[in-house]
Amino acid sequence: MKDYRNHLLGTALLLSLFFLFSGAIPVKEDWGFFGHRRINRLAVFTLPPELIPLYKNQIEYITEHAVDPDKRRYATKHEAVRHYIDIDHWGVFPFAGVPRTWSKALQKYTEFYAVTNKGDTLELMNYKKARWTDSDITWKGRHLKKVTSRDSLIFDEESYGQFFKEAILPQYYEDEWKIEPTLLADLLELNAFPENVKEILAVDRFSEYGILPYHLLKMQQRLTRAFQDKDPQKIIQLSSEFGHYIGDAHVPLHTTENYNGQMTNQIGIHAFWESRIPELFADTEFDYFVGKAEYIEDPQDYYWKIVLKSHSYLDSLLAYEIRLKNEFPPDRQFCYEDRNGRTIRTQCKEYSEAYHKMLGGQVESRMRGSILSVGSAWYTAWVDAGQPDLSDLMNTNAPEAEVIEARPNLSDKEREKARGH
Ligand SMILES: [Zn+2]
């Protein structure tokens, strides 16, 4: 028994050394690596003449590094959540209760606790119990918000937003968000908290369910800035990563808690839809002519519409797979294939084709949508930056490849979720 365990340990050590030196981290692919690379590559051809030379020059980098964000998913817990949003965790379509602005969403789903000198924790505001209503109190011409939670708290929504921006957002990447009790007391117009309150903790209940549409907006702003700075390496690096997240947003299973069919007894459907079908049919059957990149007037609205559209395909995607599983001869559903010298079990070609047909071109249309959106996002960043002349940036080298290391202390839950998505 002991020997066996030592052997396992040795293997694990060897494996981790291997990945350390090869720079590779074994990740579950999304859109398949194949799909992400294809989307980024084809997006280059949607661009106008002013942009095409720079992007074409770096097309190998843009294609290859389309998958960097996935390789990074295990490196920090903040990366994994950028690839999805479990929007159905927060309500029902069209999820009007979920604020479309990141800081507002975070404000809504943050909880507050008071920690006493003795280490006891007292709940101050629990987002599930909190009811936000207009009070009849007016202050400086504004209606104050009344939050009924454990106690009834009354404060001004704008001041809360300001407090959040100053006291909490700068701590976003910290493991714990700590707030000076006096700051919160000021907000609540309390004189002070009782003396035995040592500190206030704020707890983010939002991010773990995914922040994809908010991250897209952030990427849009970062790419715009890179164009303003005329920084060719940043432009290329951000463009290829931006393409990845836009691709993810087009995948219905990136918008649900049931991301791998685990809630409906359909485990494996994620890779079936976004990896297996494109691998089999993208080269022979998909039509990639998507037209020219378009200017995006309202990026926030645009990215949310993509996510909601993706989500609207979920019901059919799940229902068809169940129907197919029941109708198709069970012994012809899974086949064994050789992949890089390893035998893997995967959906048979005929079975995949039947699903692809049932979906009526859904995978193809989401992939086409991805290509057009990626080109449009790049183009929009350039327009918003004032359409800088890029002709003098032509002879720059590709950005340096990022070194990606796995974070060893990722919890099992974080790892599982990063993998599943
Ligand atoms: Zn991803």
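Rules and cut-offs
- Residues numbered from 1 in each chain as written.
- Predicted model: local features only at pLDDT ≥ 70, side-chain atom pairs only at ≥ 80, totals over all residues.
- Helix = DSSP H or I, 4+ residues; strand = E, 2+ residues; numbered from the N terminus.
- Buried ≥ 20, exposed ≤ 12 C-beta atoms within 10 Å, placed from the backbone.
- Pairing = 2+ DSSP bridges.
- Axes fitted to C-alpha atoms, helices over the stretch in contact; angles between N-to-C directions.

Student: Account for unusual backbone geometry, naming residues and giving values.
Tutor: Residues other than glycine predominantly adopt negative phi, and peptide bonds predominantly adopt the trans conformation. With an omega dihedral of 0°, the bond running from Phe93 to Pro94 counts as a cis peptide bond. Looking at the element boundaries, Pro94 is found in the loop between helix H6 (77–80) and helix H7 (102–108). Positive phi outside glycine occurs at Asn340, with the angle close to 50°. Here Asn340 lies in the loop between strand E8 (334–339) and strand E9 (342–347). At Gln387, a residue that is not glycine, the phi angle is positive and equals roughly 50°. Within the fold, Gln387 resides in the loop between helix H16 (362–384) and helix H17 (412–420). Gln387 sits in the partly exposed class, given 13 other C-beta atoms within 10 Å.

Student: Explain the pairing of E9 residue by residue, including any values.
Tutor: Here six bridges tie E8 to E9, and the two strands are oriented antiparallel to one another. Considered in E9, the bridge of Cys335 is made with Thr346. Taking the residues between adjacent antiparallel strands as the criterion, E8 and E9 are bridged by two residues, where Asn340 takes a positive phi near 50°.

Student: Explain the sheet that holds strand E1 (residues 110–116) residue by residue, including any values.
Tutor: The four strands lie next to each other as E2-E1-E7-E6, forming an open sheet whose pairing is antiparallel. Each edge of the open sheet carries a strand with a single partner, namely strand E2 (121–125) and strand E6 (177–179). Adjacent strand axes in the sheet meet at a mean angle of 30°, parallel and antiparallel pairs treated alike.

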